[in-house]
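Commentary on secondary and tertiary structure
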Amino acid sequence: MSLQGKVALVTGASRGIGAATAVEFAKQGAAVVLAARTLVEIKKNADAINASGGKAVAIACDVSNYADVEAAVAKCEAEFGGLDILVNNAGVIDPIARLADSDPEAWSKVADINYKGVYYGLRAAIPGMEKKGSGTIINISSGAASAALEGWSHYCSTKAAVLSLTMCADKEYRDSGIRVLGLSPGTVATDMQVKIKASGLNPVSQLDPSVHIPADWPGRAIAWLCADDDSSYLGTDVSLKDEATLKKIGLVN
Ligand code: NAP
């Protein structure tokens, strides 16, 4: 129970990596606030955690709306007395399209969610953590942050921006006791990979689904990074494609 007594906010917790992270946090003793747009799904996930002896609540939250993100942080305070861990996980990849075929409004919406949503999380959570002198923020990144993939200009560029936010926030707040780091999970068997496969564009869509890792692996890695007090990963993206890291976390032998 390495996260015993901690309070965590996970965005994008209605399914996939976010849902698995919320379950892992609860297993390790943290109280969890699950945030996403689909209230019925996050409520179901929170109910399942409570039914198995954990502590969780759900709040409808669109991370592209700052007031929603502020309300989610306030919910942590109101329900559980504070916020120790924020996982900026909410993210989208669709619509996948080459630049000339992309819809400017849809492209901008992805930027609002993937990039501004992470800034909103940092902006809302940091003041309380700074006052306490402690806290961990994990921004979910991607190998796409430092790669170019056909049809993914919105996704690659927003994930590059997320890595930049991780570095900037670490630079500004490490000395205040706030740990900020990124996680690049590799390819994970979630709805996002189903959408990628359906696009038929670029080599990622050609991958056999059997190569994807299960969503509980990043969930366990995120919990491990939150419990660890090693500072070597701060301000960087930790990659789950790195065998040595997987071993260190205990995901492979
Ligand atoms: P997923 O299964 O599609 O889940 C995405 C989650 O984000 C859902 O809970 C969704 O909930 C939430 N979300 C989307 N837009 C939102 C918004 N505006 N406000 C709040 N929540 C929102 O995808 P996933 O694979 O778990 O992805 C999670 C994160 O991992 C993303 O940041 C993604 O970029 C990253 N990642 C995934 C992979 C992979 O292979 N799967 C690889 C690298 C990085 P609602 O729709 O209910 O809002």
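Everything below is about the structure shown above.
Residues numbered from 1 in each chain as written. Predicted model: local features only at pLDDT ≥ 70, side-chain atom pairs only at ≥ 80, totals over all residues. Heavy atoms only, no water.

Some remarks on the pattern of salt bridges
Tallying each qualifying case throughout the model produces 11 salt bridges. With a closest N to O distance of 3.2 Å, Lys116 and Asp112 form a salt bridge. Separated by 4 residues within a single helix, Lys116 and Asp112 lie in helix α4 (residues 104–132), roughly one turn from each other. Accessibility expressed as a relative area gives 34% for Lys116, which makes it partly exposed. Classification of Asp112 by relative accessible area gives partly exposed; the value is 23%. Here Asp230 makes a salt bridge to Lys248, at a shortest N to O gap of 3.6 Å. Taken together, the residues span a long stretch of sequence, with Asp230 in the loop between α8 (216–227) and β7 (237–239) and Lys248 in helix α9 (residues 243–249) at a distance of 18 residues. (Salt bridge = Lys/Arg side-chain N within 4 Å of Asp/Glu carboxyl O. Helix = DSSP H or I, 4+ residues; strand = E, 2+ residues; numbered from the N terminus. Buried < 20%, exposed > 50% of the residue type's maximum accessible area, 1.4 Å probe, protein only.)

Observations regarding the site of the ligand
Taken together, 30 residues sit near the ligand, with Ser14, Arg37, Thr38, Tyr155 and Thr190 positioned nearest. With respect to the ligand, the backbone of Ile17 contributes an N or O atom lying 2.9 Å from an oxygen atom. Residue Arg37 places a side-chain N or O atom 2.7 Å away from an oxygen atom belonging to the ligand. For the ligand, whose free accessible area comes to 880 Å², the fraction covered by protein is 97%. Mapped onto the shell around the ligand, the elements with two or more residues apiece are α1 (16–27), α5 (153–173) and α6 (191–199). Element by element, the count of residues in the shell around the ligand is highest for α6, at 3 residues. In the shell around the ligand, the residues fall into 13 nonpolar, 12 polar and 5 charged. (Near = heavy atom within 4 Å. Polar contact = N/O pair within 3.5 Å; in protein donor to acceptor, adjacent residues only side chain to side chain. Areas by Shrake-Rupley, 256 points an atom, 1.4 Å probe, with all protein chains shown as cover. Nonpolar A, V, L, I, M, F, W, Y, C, P; charged D, E, K, R; others polar.)

Brief notes about the packing of α4 against α5
Look at α4 against α5: their axes get within 8 Å of each other, and the N-to-C directions meet at 15°. In terms of orientation, α4 lies roughly parallel with respect to α5. In terms of crossing hand, the pair formed by α4 and α5 is right-handed. Mapping the contact onto sequence places Trp107, Val110, Ala111, Asn114, Tyr115, Val118, Tyr119, Leu122, Ile126 and Glu130 in α4 and Ser153, His154, Tyr155, Ser157, Thr158, Ala161, Val162, Leu165, Ala169 and Tyr173 in α5. Of the residues assigned to the contact of α4 with α5, the class counts are 14 nonpolar, 5 polar and 1 charged. (Axes fitted to C-alpha atoms, helices over the stretch in contact; angles between N-to-C directions. Parallel < 35°, antiparallel > 145°, perpendicular 65-115°, else oblique. Left-handed = near helix turned anticlockwise from the far one by under 90°. Contact = heavy atoms within 4.5 Å.)

Notes on the packing of aromatic side chains
Inspection of the entire model under this criterion finds 4 aromatic pairs. Ring centres of Tyr119 and Tyr120 lie 5.7 Å apart, and the angle between their planes is 55°; this geometry places the pair in the tilted category. Through a chain of ring-to-ring contacts, three or more aromatic side chains come together here, namely Tyr66, Tyr119 and Tyr120. (Phe/Tyr/Trp six-rings, centres within 6.5 Å; stacked < 30°, edge-to-face > 60°.)

Focus: the sheet that holds strand β5 (residues 135–140)
An order of β3-β2-β1-β4-β5-β6-β7 is seen for the 7 strands of this open sheet, with the pairing classed as parallel. In the strand order of this sheet, the two ends are held by β3 (55–60) and β7, each with one partner. When strand polarity is set aside, the average angle formed by the axes of neighbouring strands in this sheet is 20°. Pairing of strand β6 (residues 178–184) with β7, which is carried by 3 bridges, proceeds in the parallel orientation. If you follow Leu183 over to β7, its bridge partner there is Val238. Sitting on the sheet, α4 is in contact with β4 (85–88), β5 and β6, with an inclination near 175° to β4. The strands that α8 touches are β4, β5, β6 and β7; relative to β6, the one it contacts most, it runs at about 160°. (Pairing = 2+ DSSP bridges.)

Structural notes on the environment of Leu234
Here Leu234 lies in the loop between α8 and β7. With 52 residues separating them in the primary sequence, Leu234 and Gly182 have C-alpha atoms 8.0 Å apart. For Leu234, the residues in contact, after removing those within four places along its chain, are Asp170, Arg174, Arg179, Val180 and Leu181.

Considering helix α2 (residues 39–51)
Its 13 residues give α2 an end-to-end C-alpha distance of 18 Å, which sits within 8% of 18 Å, the value for a rise of 1.5 Å per residue. Turning to α2, its buried residues are Ile42, Asn45, Ala46 and Ile49. Mapping the buried residues of α2 onto a view down its axis gives an arc of 95°, with all of them on the same face. The exposed set on the far side of α2, more than 90 degrees from its buried face, consists of Val40, Asp47 and Ala51. Of the residues trailing α2, Gly53 is marked for its positive phi of about 95°. (Expected span 1.5 Å × (residues − 1). Arc of directions from axis to C-beta.)

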